[in-house]
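Remarks on the overall topology
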Amino acid sequence: MATKLTKKDLIRSVAAELGHPQEGVSATLEAILEQITKAAEDGQEVSLHGFGSFTRKDRAARQGRNPQTGETVQIAASSTLGFKPHKAVKDRLSK
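Here goes a summary of the coordinates provided. Along each chain, the written sequence defines residue order, and numbers are assigned to residues from 1. It should be noted that, the model being predicted, local features are given only for residues of pLDDT at least 70 and side-chain atom pairs only at 80 or more, the latter also being counted only at that level, while totals for whole chains, interfaces and linings use all residues. As a rule here, side-chain values cover all heavy atoms of the structure and leave hydrogens and water aside.

A word on helix H2 (residues 22-41). Secondary structure is summarised from DSSP: a helix means a run of H or I of at least four residues, a strand means a run of E of at least two, and numbering begins at the N terminus for each. In a helix, the anticipated span is given by 1.5 Å times the number of residues less one. The first and last C-alpha atoms of H2 sit 28 Å apart over 20 residues, in line with the 28 Å expected at 1.5 Å per residue. Two residues form a contact once any of their heavy atoms are found within 4.5 Å. Those residues of H2 that are buried are in contact with helix H1 (7-18), strand E1 (46-48), strand E2 (52-59) and strand E5 (78-85). Where H2 ends, the next residue or the one after it, Gly43, has phi of about 80 degrees, a positive value.

Right, here's the structure in full:
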């Protein structure tokens with residue numbers, strides 16, 4: 001069963017691997033995530049060579065059904081952040 005790697009765990013492990021203070025790694029990670037989010041808001045693709053790319057995916061408004069009552073409901077339009085891994089990452093995960 002897979003375990004979860006939290007942001008705190010990621011910061012701790014990167015700081016240990018690089019020998020940098022956790023505060024600095026945390027600030028760097030926050031800045032990176034903010035830039036990815038801003039780019040996605042603007043509709044830009046963020047490509048990290050050797051890792052993958054992040055893109056904004058928009059979903060149109062649509063009608064759905066309440067499974068309990070069968071009533072038709074309007075589902076609002078929404079956006080999400082999609083990720084497509086680089087081939088090298090896919091290959092490592094397929095081992």
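From this point, things continue past the structure.
Taken together, Leu48, Phe51 and Phe83 make up a surface patch of nonpolar side chains, about 260 Å² in accessible area. As for its position among the elements, Phe51 is in the loop between E1 and E2. Only protein chains enter the area calculation, which uses a 1.4 Å probe; residues under 20% of their type maximum are buried, those over 50% are exposed, and those in between are partly exposed. Given the relative accessible area of 42%, Phe51 is considered partly exposed. Like charges are joined within 9 Å and nonpolar side chains (Val, Leu, Ile, Met, Phe, Trp, Tyr) within 5 Å, but only among residues with over 30% relative accessible area and no salt bridge; these make up the patches. Method for areas: the Shrake-Rupley scheme with a 1.4 Å probe, in which residue coverage is limited to the protein chains shown. Between Lys or Arg on one side and Asp or Glu on the other, a salt bridge is scored when a side-chain nitrogen of the former is within 4 Å of a carboxyl oxygen of the latter.

Next up on the list: the pairing of strand E3 (residues 62-65). Consecutive residues of a regular strand have side chains that alternate between opposite faces of the sheet. Both E3 and strand E4 (residues 72-75) contribute to a ladder of four bridges, which runs antiparallel. Bridge pairing links Gln63 to Gln74 in E4. Only when DSSP finds a minimum of two bridges between them are two strands counted as paired. From the end of E3 to the start of E4, which pair antiparallel, there are six residues, and Gly70 there has a positive phi angle of about 80 degrees.

So, on to the environment of Ala39. Among the structural elements, Ala39 can be located in helix H2. Once the C-alpha coordinates of Ala39 and Glu17 are considered, the two residues, 22 residues apart in sequence, prove to be 29 Å apart. Once residues within four sequence positions are removed from consideration, Ala39 is found in contact with Gln44 and Val46.

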